[in-house]
Amino acid sequence: MKILVINAGSSSLKYQLIDMETESVMAKGLCERIGIGGHLKHTPLVGDKPVYNEDINLPTHAEAIAAVIDKLTSAEYGVVGSMKEIDAVGHRVVHGGEKFACSVLIDNAVMEAIAQCTPFAPLHNPANITGILACREVMGNDVPMVAVFDTAFHQTMPKKAYMYALPYDYYQEDGIRRYGFHGTSHKYVTARCAEIMGKPIEELKLVSCHLGNGSSICAVANGKSVDTSMGFTPLAGLPMGTRSGDLDPGAMQFIMNKHHLAIDEMLNVLNKKSGVDGVSGVSSDFRDLDSAAGEGNERARLALDMFAYWVAKTAGSYVTAMNGTDAIIFTAGVGENSGDTRKAICDYFGYLGVTIDAEANKKRGEDVMISTPDSKVKVFVIPTNEELVIARDTRDIVCGK
Ligand code: ADP
């Protein structure tokens, strides 16, 4: 069975074609600048086919999907003989609100429900809908499509964890609560961690740290998300590349009054000009911050220290929420690649009996235990694979499992 995984943004579209017999990626790629020009990078990963990397006209998502299918099936760059070999499509959908606690086969009612969640994710859900419609247009109605939601994994959070201490009507009437994001990633790395530890996930308490451009931490007890750091939107929780994370709303009011900012301008600052970028004034990229801090830049040092501190104290609060933890997992761009950041975070975990193996902590790009064998709580680096979760869910739903 071959499954096409689609992650559609407002002007971009990422894809992978996965062979489910071997769970291997046959080809992957990215369409960018959709609607404002167009560029397609297509990388075949089977056979000896060349990479396609060109500017092409992509006025809409439908043209982008058509270009992707064309490359996937072409003699020069293709990995399948025809579109008929693609058995199903799995779509990443950012927000499923309280309606979706798991992945679903897409039909008209599901499309309607995804559209109803648009107020919660005004930038993402419309793009995801556009991606689904574009696939329908190009591939027809016979190819089954499945929606996999970033929020679904967190629907198991208990009410005491997801409620905001606001007037109750805001929850009841308007759905204002914590939803959480990165669910697909947290689900993948915690399941993989259980596999590596050789224990049923139902018997484990795990803290999953997804640290990338966007960062969130998730407490997973017995395979279920019981708390997570993002909230009503992905702006909450940890300081991130350019996002502020948690902030006293009173500070916002003060800044808006002092600098005559409208709420949209304020949110633009909190989403795009804050985080480690805002604090350091150097960059949102941890590689740049590491080199600047190494050269004595104090604000870059401060941004890195703040990040490690926030990750450690949030993870610590989840150890409390679960009354202990068996393992801590690092994943995503920073979590997988920055040994210095992992070390700085783990230095806070002495009270948990965590000790880090400096050599193992240097490894990259593979599943690795970075704690010493006698460390009371184990620490793992597990490269995330959200596309594989989407493909597996799609297969299971299409095959009626
Ligand atoms: P996204 O949230 O956009 O999916 P990623 O998970 O790909 O982001 O993470 C991207 C970030 O990972 C980069 O901005 C950079 O800060 C960090 N990163 C990538 N490689 C390294 C590295 N070798 N050392 C430190 N940080 C890295």
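Structural notes, computed from the coordinates. None of the values given here were measured: they were computed from a predicted structure.

**Some remarks on the overall build of the protein**
Next, step 1: Looking only at helices and strands, the protein has 14 helices and 14 strands in total.
Next, step 2: Structurally, the protein occupies a C-alpha span of about 55 × 55 × 45 Å along its principal axes.
Next, step 3: Out of the 401 residues belonging to the protein, those deemed buried represent 50%.
Next, step 4: For the protein, the computed accessible surface area is about 18,300 Å², with 51% contributed by carbon and sulfur atoms.
Next, step 5: Between the mean site of the 38 positive side-chain charges and the mean site of the 49 negative ones, the protein shows a separation of 3 Å.

**A closer look at the site of the ligand**
Next, step 1: Within the structure, the ligand sits among 13 residues, and Asn 213, Gly 214, Phe 286, Gly 333 and Asn 337 are positioned closest to it.
Next, step 2: Here an oxygen atom of the ligand sits 2.9 Å away from a polar atom, N or O, in the main chain of Gly 333.
Next, step 3: In the environment of the ligand, an oxygen atom lies 3.4 Å from a nitrogen or oxygen atom belonging to the backbone of Val 334.
Next, step 4: Expressed as a share of its isolated accessible area of 580 Å², the protein-covered part of the ligand is 71%.
Next, step 5: Where the shell around the ligand is concerned, the elements lending two or more residues are helix H10 (286-294) and helix H12 (332-337).
Next, step 6: Here the element with the most residues in the shell around the ligand is H12; it accounts for four residues.
Next, step 7: Residue classes in the shell around the ligand are distributed as three nonpolar, seven polar and three charged.

**Description of the nonpolar core**
As a rule of thumb, soluble globular proteins bury nonpolar side chains together.
Next, step 1: Formed by 43 residues in total, the largest nonpolar core has its most connected members in Leu 4, Ile 6, Leu 13 and Leu 72.
Next, step 2: Of all the secondary structure elements, the ones that give two or more residues to this core are strand E1 (2-8), strand E2 (13-19), strand E3 (24-32), helix H1 (61-73), strand E6 (88-93), helix H2 (108-116), helix H3 (124-139) and strand E8 (145-149).
Next, step 3: Judged by nonpolar contacts, the second largest core, of 37 residues, contains Ala 219, Ala 221, Ala 312 and Val 377.

**Quick look at the sheet that holds strand E11 (residues 224-228)**
Next, step 1: Overall, mixed pairing links the six strands, which are arranged E11-E10-E9-E12-E14-E13 in an open sheet. The outermost strands of the open sheet, each flanked by one partner alone, are E11 and strand E13 (368-369).
Next, step 2: Of the pairings in the sheet, the one linking strand E9 (residues 205-211) to strand E10 (residues 215-221) comprises seven bridges and is antiparallel in character. Within E10, the position partnered with Val 207 by the bridge is Ala 219.
Next, step 3: Contacts from helix H13 (residues 339-346) reach E9, strand E12 (327-331) and strand E14 (378-381), with the element oriented near 150° to E12.

So, how was this worked out
- Residues numbered from 1 in each chain as written.
- Predicted model: local features only at pLDDT ≥ 70, side-chain atom pairs only at ≥ 80, totals over all residues.
- Heavy atoms only, no water.
- Helix = DSSP H or I, 4+ residues; strand = E, 2+ residues; numbered from the N terminus.
- Buried < 20%, exposed > 50% of the residue type's maximum accessible area, 1.4 Å probe, protein only.
- Areas by Shrake-Rupley, 256 points an atom, 1.4 Å probe, with all protein chains shown as cover.
- Lys, Arg positive; Asp, Glu negative; His and termini not counted.
- Charge placed at Lys NZ, Arg CZ, Asp CG, Glu CD.
- Near = heavy atom within 4 Å.
- Polar contact = N/O pair within 3.5 Å; in protein donor to acceptor, adjacent residues only side chain to side chain.
- Nonpolar A, V, L, I, M, F, W, Y, C, P; charged D, E, K, R; others polar.
- Core = buried A, V, L, I, M, F, W, Y, C linked by side-chain atoms within 4.5 Å.
- Pairing = 2+ DSSP bridges.
- Contact = heavy atoms within 4.5 Å.
- Axes fitted to C-alpha atoms, helices over the stretch in contact; angles between N-to-C directions.

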